[in-house]
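Examining the three-dimensional arrangement
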Amino acid sequence: MSAGLTMNGYNFAYLNEQTKRMIRRALLKAVAIPGYQVPFASREMPMPYGWGTGGVQVTASILKPDDVLKVTDQGADDTTNAVSIRDFFKKTADIATTEITQDATIIQTRHRIPEQELGANQILVFQVPIPEPMRFLEPRETETRKMHALEEYGLMHVKLYEDISRNGQIATTYAYPVSVEERYVMDPSPIPKFDNPKMNNMAALQLFGAGREMRIYALPPYTRVKSLDFEDYPFEVQKWDEPCAICGTTDSYLDEVILDNSGNRMFCCSDTAYCQSKQGPVKGAEQ
Amino acid sequence: MYVAVKGGEKAIRNAHALFDEKRRGDVSVPEITTEQIKQQLSFSVDRVMSEGSLYDFDLSALAIKQARGDLIEAIFLVRASRTTLARFGSSKPFDTSHMRVERRISATYKDIPGGQILGATFDYQHRLLDFSLEEQKLQDETSVETRDDVGLDADMPRVLDILNNEGLVEQASLEMNEDTPPSDLTRSPLEFPADRSLRLQNLARADEGFLLALGYSTQRGYARNHGFAGEIRIGSVAVEFAPEELGFPIEIGEMIVSECEMINQFKGSKSAPPQFTRGYGLAFGQVERKVMSMALVDRALRADELGEEKTAPAQDEEFVLSHSDNVKATGFVEHLKLPHYVDFQAELELVRKMRAKQRVMKEAAE
C-alpha cells in the first residue's frame, strides 16, 4: 500500500486498496447487468454526501497514474464543485487534468453529458443523487427493487400518461427515465433530457455512482438506451430559437444568463469546453 | 462576458482563507486548545465520537475546533478520516455488567443491588445561568466525593437481569453467536429488512436530534409505548480483541460507553403472554439523552417481530434507518446550494412553453 502514498499518508486517490477492490467488484457487476442498480458499501468521503461522493468513489477506484481527468458540473469546468473535485484528485492522486473533452481519459460529470462525441478510450462518470427512477412514485426501496426484479414498470408509464393528460405533454425535463436494452428502467441522473439521446450507443463506458444511496450502475459501450415515451407522444428534446450568443453554435444546450436588472437575457452554451472549441482561432467559423 | 459561471477557483480559495480567519476570531483573545475542548466541552466531544463512529477524544476535539464548534461538521470530519482506516477485525462482545460504573440509575426500582449512583449529571440542577462562570478562576483541588472514596462494587449486575425472576420482562435476545459476525453497515450496503444488530448499529451512529424527536413521538401517541428507564449506566468497559495469529483474546484498552435498557409495555399476542419488552441503546461516551432515545426507537422498530400494527414513523424501519445519518442528511440538504442551472433552465423552458400554450387556448376561447 505504501507504494502509492501521496498527500500526508493517504493512499493514491484517497481510498484504501480494500475499498477500491470492493467498488471495482460492484462496477464489474454493474457492467455485466446494464442499467441494474448494484448496492455497494459506499464510504464517507471528505466532501459532503450529495456533492458527488458516488462519482468521486467510482473515479477514485478506476483512476490510474497516467489518466487524464476532466471534471465538469452543469457543463462547466470551473463551477465551484467541479473545481473542488478536480483539486481533490490533483492533490490525492497527482494526476494530469484537462478541460478539453477529447484529451480526457476519464470525465466526471454532474448534470450534463459533453456535447463533443466521446470515444472508446474514454470513461464518463456520472454523479447521481437519486438512482431510483421510481423513487418519487414509490418511496420504499423494498418496493422498487421488487418492481425492477419483476420488470413491473406500469407505475412509470402511468405517471408519464398523467403528465400528458394534465399538461398536454410529458412534463419531465431532466432526469428523464430511460429503458436500457429493453430491460431495466434507469435514471440517467439529472441531465437535461436534451442529453438523453447521447447515451444511446455511446462508444465510451458510462458509469454511475450514487454515494449517499449506496448504488452503482453502468452502461457498457454501445448499449441501447431509449427514453420512455408513447407512439403518439414521441420523446422530444429541448430546442432554442437562437444560437449561442458567444460561439454561434445551434446544436448545443444553452444556459440563460441574466444580463442586467431589467431582466435582459442572453443564451450561451452550457458546455464551456465545447463553446471554447467552437470559438476556435477564427471566431464564428464553426461550420 | 462569462462572469456568471467563470472564476470559481479564486473565490473558493478566498472563502476558505476567510473561514480560517473567522475561526481564529479576535487575535487578542487566546486561541482555544484542543486539550481545553477535550477537558471542558466533553459532551460535545462525546457526541462527535459517538456519531462520528470513532472512539478518539483527540481527533474529536480537533474536529470540533476545526469546525468552529459546528458538531455535525465535526462529525463529518471524523467520519471522513475514519473511512480511510484499514480494518483489522472485530472486538469481542463486552459485558456491561463488568462496567466500571460512573453513573447508574434505575427508574423502575427504588433501591437496587449496588445502589443508585448519580455520578456527574445536570439532572436536578436549577437551570439558572451561573454568572460566576464568566470569570476565570483558579480552582482548588476538588473535594467532591469520587468513586474511589465510596468503594463501589466492582461488578454491577444489570437491574433487569437480577430482578426478573418472575419472567415479567422478556429475556434479552441473543440472535448472534460469536461465529457469525454482526452486520456492519460501514462495510456492506444497508439493505431491508435489516436485522436488529444492523438497526442498533445504525441508531448508534444516528443523529441525536433525530432519535430524540422520534423517541418523543412514541411518547406522544405515534406508536404509543410508554417506556420505563429500567437502567441507565455510564462507565468504562474493557475491550478485548483476539488476533488470528494469537488464537486467544487480549485486552486492548478501555472505552467509556453509555447504555440504556428501556422497559415497555406489551399487550401480548396469540403466541406470547403479556410481558414487558425491552428496547436497547448503547453509544460511545457520556451520551445519555442519545441512548435513551435510541432505546425507545429500537423498541418501536421491533413492531414486526412482536406482531404489532405499524402506524407511526418510529416503527417504520426503512424510514428511520434511511434518514438517521446526519452526515448524509446535511450533505444532501445542503447540496441544494450547488449550481442547478441546467435543470432549472430545462424547467424554465417547460413552464414558458406550457404558459404559452395556455395563453393560446385562453385567447381561442374568448
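Residues numbered from 1 in each chain as written. Chains lettered and ligands numbered in written order. Predicted model: local features only at pLDDT ≥ 70, side-chain atom pairs only at ≥ 80, totals over all residues. Heavy atoms only, no water.

Turning to the interface of chain B and chain A, a few remarks are in order. Chain B puts 51 residues into the contact, and the matching count from chain A is 61 residues. Where chain B abuts chain A, roughly 5,000 Å² becomes buried across the two surfaces, and 56% of that area is made up of carbon and sulfur atoms. On inspection of chain B and its partner chain A, the count reaches four salt bridges. Measuring nitrogen to oxygen at the nearest pair gives 3.0 Å for the salt bridge that ties Glu44 of chain A to Arg205 of chain B. Taken together, the links from chain B to chain A amount to 23 residue pairs in polar contact (both at pLDDT 80 or more). For the side of chain B that touches chain A, the elements supplying multiple residues, two or more each, are helix H1 (8–24), helix H5 (71–82), helix H13 (326–334) and helix H14 (341–365) of chain B. No other element matches the 13 residues that H14 of chain B contributes to the side of chain B that touches chain A. For the side of chain B that touches chain A, the per-class residue count stands at 22 nonpolar, eleven polar and 18 charged. (Contact = heavy atoms within 4.5 Å. Buried area = accessible area lost by both parts, 1.4 Å probe. Salt bridge = Lys/Arg side-chain N within 4 Å of Asp/Glu carboxyl O. Polar contact = N/O pair within 3.5 Å; in protein donor to acceptor, adjacent residues only side chain to side chain. Helix = DSSP H or I, 4+ residues; strand = E, 2+ residues; numbered from the N terminus. Nonpolar A, V, L, I, M, F, W, Y, C, P; charged D, E, K, R; others polar.)

This part covers the layout of surface pockets. One water molecule sets the probe size; rolling that probe over the atoms shows where empty space is left. Space inside the second largest pocket adds up to approximately 1,800 Å³. As for the second largest pocket, its lining consists of 43 residues, and the residues nearest its centre are Pro46 and Met47 of chain A together with His16, Glu73 and Leu77 of chain B. Looking at the lining of the second largest pocket residue by residue, the class counts come to 24 nonpolar, nine polar and ten charged. (1 Å grid on protein atoms, 1.4 Å probe; cavity = no way out; pocket = protein on both sides within 12 Å on 5 of 7 lines; lining within 4 Å. Points joined across faces, edges and corners; volume = space filled by probe spheres on them.)

In this section: empty space enclosed by the protein. Residue and element names in this part refer to chain A. Under the definition given, this model contains two cavities of 30 Å³ or more. Lining the largest cavity are 16 residues, and of these Gly50, Trp51, Gly52, Val128 and Pro129 lie nearest its centre. When residues of the lining of the largest cavity are traced back to their parent elements, those giving at least two are helix H2 (53–62) and strand E8 (205–210). In terms of residue count, H2 provides more of the lining of the largest cavity than any other element does, three residues in total. Within the lining of the largest cavity, the residues separate by chemical class into four nonpolar, ten polar and two charged. Taken as a whole, the second largest cavity holds about 60 Å³ of empty space. Lining the second largest cavity we find Tyr36, Gln37, Glu132, Glu141, Arg145 and His148.

Moving on: the confidence of the model for chain B. All names here are of chain B. Overall, the prediction assigns chain B a mean pLDDT of 88, with 92% of residues at 70 or greater. Below pLDDT 50 for its whole length, residues 1–5 participates in ten contacts with residues either more than four positions away or in separate chains. The ipTM for the predicted assembly is 0.77, set against a pTM of 0.86. (pLDDT = per-residue confidence, 0-100.)

Time to look at the packing of helix H8 (residues 196–205) of chain B against helix H10 (residues 288–300) of chain B. Residues and elements named next belong to chain B. Two elements in contact, H8 and H10, have axes separated by 10 Å at closest approach and are oriented at 145°. Handedness of the H8/H10 crossing: right-handed. For the pair formed by H8 and H10, the contact residues are Arg196, Arg199, Leu200, Leu203, Ala204 and Arg205 on the first element and Lys290, Met294, Val297 and Asp298 on the second. Per-class residue counts for the contact of H8 with H10 are five nonpolar, no polar and five charged. (Axes fitted to C-alpha atoms, helices over the stretch in contact; angles between N-to-C directions. Left-handed = near helix turned anticlockwise from the far one by under 90°.)

Attention now goes to the sheet that holds strand E1 (residues 100–105) of chain B. Residues and elements named next belong to chain B. The strand order across the open sheet formed by four strands is E1-E2-E3-E4, and the pairing between neighbours is antiparallel. Each edge of the open sheet is held by one strand with a lone partner, namely E1 and strand E4 (277–284). When the angles between neighbouring strand axes are averaged without regard to direction, this sheet yields 20°. Pairing between strand E3 (residues 250–264) and E4: eight bridges, direction antiparallel. Bridging across to E4, Met262 finds its partner in Gly279. Sheet contacts for H10: E1, strand E2 (227–241), E3 and E4; angle to E4, the most-contacted strand, approximately 145°. (Pairing = 2+ DSSP bridges.)

Attention now goes to the nonpolar core. In terms of nonpolar packing, the biggest core is built from 47 residues, with Leu63, Phe89 and Ile216 of chain A touching the most fellow members. Elements with a contribution of two residues or more to this core: helix H1 (17–32), H2, strand E2 (68–73), helix H3 (80–93), helix H5 (154–167), strand E7 (184–186), E8 and strand E9 (215–219) of chain A. Excluding residues that lie within four positions of it along the chain, Ile216 of chain A makes contacts with Ile23, Ala26, Leu27, Ala30, Tyr36, Gln37, Val38, Phe40, Val58, Phe208 and Gly209 of chain A. Listed in part, the 20 residues of the second largest apolar core include Leu185, Leu214, Leu301 and Leu321 of chain B. (Core = buried A, V, L, I, M, F, W, Y, C linked by side-chain atoms within 4.5 Å. Buried < 20%, exposed > 50% of the residue type's maximum accessible area, 1.4 Å probe, protein only.)

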